[in-house]
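So the chains spell out like this:
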Amino acid sequence: MPVSGCPAQAPGCLLPAFPHGLSKEAPFTRQPQPMDTVRIAVVGAGLMGLSTAVCIPTLVPRCSVTVIADKFTPDTTSDVAAGILIPHAYPDTPVHKQKQWFRETFDHLFSIANSAEAGDAGVYLVSGWQIFRSMPTEEVPFWADVVLGFRKMTEAELKKFPQHVFGQAFTTLKCEGPVYLPWLEKRVKRSGGLMVPQRIEDLWELHPSFDIVVNCSGLGSRQLAGDSTIFPVRGQVLKVQAPWLKHFIRDGSGLTYIYPGTSNVTLGGTRQKGDWNLSPDAEISRDIFSRCCALEPSLHRACDIREKVGLRPSRPGIRLQKELLAQDSRRLPVVHHYGHGSGGFSMHWGTALEAARLVNECAQALGSPAPKSKL
């Protein structure tokens, strides 16, 4: 199910309650910074928050980064996601922009997969098939030349799926969320960033301790940003032991899929719009298992079946936007980066780079004199 970014409402946090001398009374009191340091708060510690926090120091000179969230890995929606890079289309976003984000993400993760860091980051190549019961309107999707070895399936390959008439074979990348997120956390800390477990009810809580706020709160943006267009799309999956499976299988509808991972196989899934329920549904689990066994009969031998639920933060399009909040004489620059829905892992690095560029624009504006009003 790729699900991304927003916190799952699961209890517990493995991080120290208030690191580096922070306290409940003064949660954002920090060590003294040089006068020209831009203090940046990133709200949200899912895939979007952490990837943005990694990108910011590479694009914003002389800054400090603090990630603030009420849920950290392993309790985010990103930890539930299968993490495979197969783009979800955003009707409100130009195709060239979607392709740019996907290519930047793919190229970045491909370099990790080809490095000594691959195992620590949980990033690796995986090959497989996307299959269709009827001819798709688009035989060659916009991302075909970004993944590796994209081609039409042969008749011999299609014999494995007698209910399907067309298919595509390719090699893409997979990110293991429960491995990749802690790896991103380490990168944030290595560059001097802080992790603060704290629930933010209002972005103004961060003023004047921070100069710029990056909102990566996913579904939390309904409250924090007053965004009524964002809604949950519930995704239920099964994590099973079936180590003999090496190829992914994805029905073209995107509802049924089998994604082998390093420690388990993810079977999915559901897309239940507006459903906030985080409790697994046994009937849905049986349906998922039945659908996946129809595609891959060897799954009948799978064992250690575990149910997982995540809420994808969905909206008509990803929100990547600057906003200047004003309250009396106070000003608080905010960069919004959320709303990836099913496409979080496929797009996250490309959109994080864009969010970091917007943060840099805000930082430059901080150093500019206020424009004089025209009479």
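Rules used in this analysis
- Residues numbered from 1 in each chain as written.
- Predicted model: local features only at pLDDT ≥ 70, side-chain atom pairs only at ≥ 80, totals over all residues.
- Heavy atoms only, no water.
- UniProt positions renumbered as here; feature names shortened; annotations may be inferred.
- Helix = DSSP H or I, 4+ residues; strand = E, 2+ residues; numbered from the N terminus.
- Buried < 20%, exposed > 50% of the residue type's maximum accessible area, 1.4 Å probe, protein only.
- Areas by Shrake-Rupley, 256 points an atom, 1.4 Å probe, with all protein chains shown as cover.
- Axes fitted to C-alpha atoms, helices over the stretch in contact; angles between N-to-C directions.
- Left-handed = near helix turned anticlockwise from the far one by under 90°.
- Contact = heavy atoms within 4.5 Å.
- Nonpolar A, V, L, I, M, F, W, Y, C, P; charged D, E, K, R; others polar.
- pLDDT = per-residue confidence, 0-100.
- Expected span 1.5 Å × (residues − 1).
- Arc of directions from axis to C-beta.
- Pairing = 2+ DSSP bridges.

As recorded by an unreviewed UniProt entry, the protein carries the name D-aspartate oxidase and is attributed to Equus przewalskii. Its UniProt record gives the protein a comment under Cofactor (unreviewed entry), which states: "FAD". Quoted verbatim from the Subcellular location (unreviewed entry) heading of the UniProt record, the comment on the protein is "Peroxisome matrix".

J.: Please provide a residue-by-residue account of the overall build of the protein, values included.
T.: Looking only at helices and strands, the protein has nine helices and 14 strands in total. Across the 375 residues in the protein, those meeting the buried criterion constitute 56%. Carbon and sulfur atoms make up 54% of the accessible area of the protein, which amounts to about 16,600 Å² in all.

J.: So what about the packing of helix α1 (residues 47-59) against helix α6 (residues 177-190)? Which residues, and what values?
T.: Two elements in contact, α1 and α6, have axes whose closest approach is 9 Å; the angle formed by their N-to-C orientations is 30°. By crossing handedness, the relation of α1 to α6 is classed as left-handed. Facing α1, whose interface residues are L47, L50, S51, A53 and V54, α6 presents Y180, L181, L184, E185, R187 and V188. Considering only residue class, the contact of α1 with α6 consists of eight nonpolar, one polar and two charged.

J.: Residue-level account of the confidence of the model for the protein, with values.
T.: Per-chain confidence: the protein averages 90 in pLDDT, with 89% of residues scoring 70 or above. Low pLDDT, under 50, characterises residues 1-26; the predicted model gives this stretch 81 contacts beyond four residues in sequence or across chains. Residue range residues 370-375 is modelled with pLDDT below 50. Its contacts to residues more than four positions away, or to other chains, number zero contacts.

J.: Give a detailed account of helix α3 (residues 95-113), specifying residues and quantitative values.
T.: Over its 19 residues, α3 extends 26 Å from the first C-alpha to the last, a length consistent with the 27 Å expected when each residue adds 1.5 Å. Every buried residue belonging to α3 is among Q98, W101, F102, T105, F106, H108, L109, I112 and A113, and all of these are buried. Viewed along the axis of α3, the buried residues span an arc of 165°, placing them on a single side of the element.

J.: Please provide a residue-by-residue account of the pairing of strand β9 (residues 248-251), values included.
T.: Burial along β9 is two-sided: the residues F248 and R250 and I249 and D251 are all buried. Summarising the sheet, strand β3 (residues 123-132) and β9 pair through four bridges and their orientation is parallel. Residue pairing in the sheet places W129 in a bridge with I249 of β9. In this antiparallel pair of consecutive strands, β9 and strand β10 (residues 257-260), the connection spans five residues, and G254 shows a positive phi of 80°.

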